[in-house]
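Here is how the chains run, residue by residue.
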Amino acid sequence: MKPVKVGILGLGTVGGGTVNVLKRNAAEIARRAGREIIVTRASSRDLGKPRICSTEGIAVTADPYDVINDPEIDIVLELIGGAGPVKDMVLAAIANGKHVVTANKSLIALHGNEIFAKASEKGVIVAFEAAVAGGIPIIKAIREGLSGNQIQWLAGIINGTGNFILTEMREKGRDFADVLAEAQALGYAEADPTFDVEGIDAAHKLTILASIAFGIPLQFEKVYTEGITKITRLDVDYAEKLGYRIKHLGIARKTGEGIELRVHPTLIPERRLIANVNGVMNAVLVKGDAVGPTLYYGAGAGADPTASAVVADVVDVTRALTSDPENRVPHLAFQPEAIKDIPILAPDRFKSAYYLRLNAEDKPGVLADVTKILADHRISIEAIIQKEPPANEKAVPIILLTQVTLEKEMNDAIAKIEALPTVTGQVCRIRLETLG
Ligand code: NDP
Ligand code: HSE
């Protein structure tokens, strides 16, 4: 059979890694796909830049449209990133009848509904395994492996850069900016690293996971998003003393009232496997009604791990080239006409337990005032620690763990606690999930 011809847009970390894996494992990949897969064309901005891969046998151009419009190309790999000019490139490839493989989560989270509709019209596949959790085949696991289940919730460490930063800060006491620079040098970070540290990248990925888990449209704008920049050493230490780790999680949970979509730092009991996922590693817990809890673990970023996911998609597309489009796995797991607009809950309707840290004057009655406010809002206290005041300071840190409560009750209670004349500054609040 004729080889399948692949054209790559972008020869950076992921594009370069993909060329390397396709070349290194060519024979094994052909045995699986049933056909040889070769890269014949590629595009990058700067043709003189050193690459992590050899471009021997690949015609490299500065114009992505040379690849997109090449009639010989069967599959276009979009490995540039961003949701700007790349959207038009992907739509042009689809219009040309080409299958597309992408690692671009922002593109799928923001424009996936439109892109998949166009792809279905043209009978082509848009595959995106590498867009979530790097090398972990989480899309395939949820979309195919768990298709007999009603997914109840999922929670994941889905940004490698953020987890790398939190791990290095906790284990080695390293400075935030210094670790971020290392993550950039290692090729883990996004072109704009604020996407990693402010939780935007994780929110893109959660949007995709929630859509394939619950059969809902992609709706990035409804994800509640907090990053890791406000996590302090103090809270990491207090959490550890209480038996918890702070991880940056993406959580999607189906409730009777709607779906919670949230990305934020979270206290997790340290006995949970996911609390011990460190460095650039990612992990996603998925709870199905039939299978129970399942856990997927692996490298969340980097050239070869991400290439592993890109190449798996290329093999899938190759196998499906001769199949009838109606009988392929749907882009978003559910048949397009069966996608349902289940309501996404506003943040004040989330339910969670909480870690609270506040500074209060060291005098009788202060703690009673705080606990009364919580009780008035029907918030039960799980644990409480009052520390000695630091030398020459009158205010004492008070740390509280609460049981699960409605976020609105917690917001109102925090506002009242912050208004107490005996409490100084803002209350630090971090959500807590037992993931049981
Ligand atoms: P890089 O910055 O390393 O590579 C991007 C490539 O695209 C470069 O070759 C660059 O050319 C080219 N490029 C950039 N802008 C344009 C443009 N306007 N027109 C044509 N070519 C362009 O990015 P990554 O490889 O890290 O990321 C690629 C995609 O993969 C992104 O969507 C990212 O989110 C995703 N991803 C990345 C992972 C990682 O670990 N890095 C993991 C999972 C997904 P030049 O080299 O000449 O500048
Ligand atoms: N910047 C992303 C991360 C790349 O660090 O997880 C993988 O999607």
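Source: prediction; values computed, not measured.

What follows concerns the overall build of the protein chain. If you tally the helices and strands in the protein chain, you get 14 helices and 17 strands. A compact globule built from 436 residues would reach a C-alpha radius of gyration of about 22 Å, and the protein chain, at 24 Å, matches this within 12%. With the C-alpha coordinates aligned to their principal axes, the bounding extent of the protein chain is approximately 80 × 45 × 35 Å. In the protein chain, buried positions account for 53% of the 436 residues. Looking at the protein chain alone, contacts between residues at least 24 apart form 73% of all its contacts between residues at least 6 apart.

Turning our attention to the side chain of arginine 262. Inspection of the secondary structure assignment puts arginine 262 in strand S10 (residues 259-269). Judged by its relative accessible area of 0%, arginine 262 falls in the buried class. A distance of 3.3 Å separates the side chain of arginine 262 from the backbone oxygen of lysine 351, its partner in a polar contact. Of note is the side chain of arginine 262, whose polar atom sits 2.8 Å from the side chain of glutamate 433. In this view, arginine 262 contacts Leu206, Val223, Tyr224, Leu249, Gly250, Ile251, Arg253, Phe350, Lys351, Ser352, Arg431 and Glu433; residues no more than four positions away in its chain are not counted.

Below, the discussion takes up the layout of surface pockets. Its boundaries defined by the atoms lining it, the largest pocket holds a volume of some 1300 Å³. Lining the largest pocket are 50 residues; nearest its centre among them are Thr13, Leu79, Ile80, Gly81 and Ala191. Of the residues that constitute the lining of the largest pocket, the class distribution is 19 nonpolar, 20 polar and eleven charged. Each of domain 1 (4-135 + 303-337) and domain 2 (138-299) accounts for three or more of the residues forming the lining of the largest pocket. Put simply, the second largest pocket is a space of about 700 Å³.

Domain assignment breaks the protein chain into domain 1 (4-135 + 303-337), domain 2 (138-299) and domain 3 (349-432). The gap between the C-alpha centroids of domain 1 and domain 3 is 50 Å.

By the element assignment, glutamate 433 lies in the segment after strand S17 (423-432). Here the side chain of glutamate 433 touches arginine 253 through a polar contact of 2.9 Å, side chain to side chain.

What follows deals with the sheet that holds strand S3 (residues 59-61). Read from one edge to the other, the open sheet built from six strands follows the order S3-S2-S1-S4-S5-S6, with strand pairing classed as parallel. The two strands at the open ends of the sheet, each matched to only one other strand, are S3 and strand S6 (126-127). Where strand S1 (residues 4-9) lies against strand S4 (residues 75-78), four bridges are found, and the strand directions are parallel. The residue of S4 that forms the bridge with leucine 9 is glutamate 78. Sitting on the sheet, helix H1 (residues 13-24) touches S1, strand S2 (37-43) and S4, and the angle it makes with S1 is about 155 degrees.

So, on to the site of ligand 2. Taken together, Lys105, Asn159, Gly160, Thr161, Tyr188, Ala189, Glu190, Asp196, Asp201, Lys205, Gly300 and Ala301 form the complete shell of residues around ligand 2. Residue threonine 161 places a side-chain N or O atom 2.6 Å away from an oxygen atom belonging to ligand 2. Within the complex, the protein chains bury 93% of what would otherwise be the 250 Å² of accessible surface of ligand 2. Judged by its atoms lying within 2 Å of the grid points, ligand 2 is housed in the largest pocket. Only helix H7 (160-172) and helix H10 (200-214) provide two or more residues apiece to the shell around ligand 2.

A few words now on the pattern of salt bridges. One pass over the full model with this rule turns up 31 salt bridges. Its salt-bridge partner being aspartate 70, residue arginine 41 comes within 3.3 Å of it at the nearest N-O pair. Of the two residues, arginine 41 is situated in strand S2 and aspartate 70 in the loop between helix H3 (64-68) and S4; the sequence distance between them amounts to 29 residues. Look at arginine 41 and you get partly exposed, because its relative accessible area is 24%. Its relative accessible area of 10% is what places aspartate 70 among the buried residues. Glutamate 257 serves as the salt-bridge partner of arginine 349, at 3.3 Å between the closest nitrogen and oxygen. Placement of arginine 349 in the loop between helix H12 (303-320) and strand S13 (351-361) and of glutamate 257 in the loop between strand S9 (244-254) and S10 is noted, with a sequence separation of 92 residues between them.

Within the structure, ligand 1 sits among 23 residues, and Asp46, Arg51, Gly187, Glu190 and Gly302 are positioned closest to it. Between ligand 1 and glycine 12, the relevant distance is 3.1 Å, taken from an oxygen atom to a main-chain nitrogen or oxygen of the residue. Contact between ligand 1 and aspartate 46: an oxygen atom at 2.7 Å from a main-chain N or O atom of the residue. Surface burial for ligand 1 is 84%, taken as the share of its 890 Å² of free accessible area covered by protein chains. Cavity membership is defined here by more than half of the atoms lying within 2 Å of grid points; on that basis ligand 1 lies in the largest pocket.

Rules used throughout
Residues numbered from 1 in each chain as written. Chains lettered and ligands numbered in written order. Predicted model: local features only at pLDDT ≥ 70, side-chain atom pairs only at ≥ 80, totals over all residues. Heavy atoms only, no water. Helix = DSSP H or I, 4+ residues; strand = E, 2+ residues; numbered from the N terminus. Rg over C-alpha atoms; globule rule 2.2 N^0.38 Å. Buried < 20%, exposed > 50% of the residue type's maximum accessible area, 1.4 Å probe, protein only. Contact = heavy atoms within 4.5 Å. Polar contact = N/O pair within 3.5 Å; in protein donor to acceptor, adjacent residues only side chain to side chain. 1 Å grid on protein atoms, 1.4 Å probe; cavity = no way out; pocket = protein on both sides within 12 Å on 5 of 7 lines; lining within 4 Å. Points joined across faces, edges and corners; volume = space filled by probe spheres on them. Nonpolar A, V, L, I, M, F, W, Y, C, P; charged D, E, K, R; others polar. Domains from an automatic or database assignment. Pairing = 2+ DSSP bridges. Axes fitted to C-alpha atoms, helices over the stretch in contact; angles between N-to-C directions. Near = heavy atom within 4 Å. Areas by Shrake-Rupley, 256 points an atom, 1.4 Å probe, with all protein chains shown as cover. Sits in = over half its atoms within 2 Å of the grid points. Salt bridge = Lys/Arg side-chain N within 4 Å of Asp/Glu carboxyl O.

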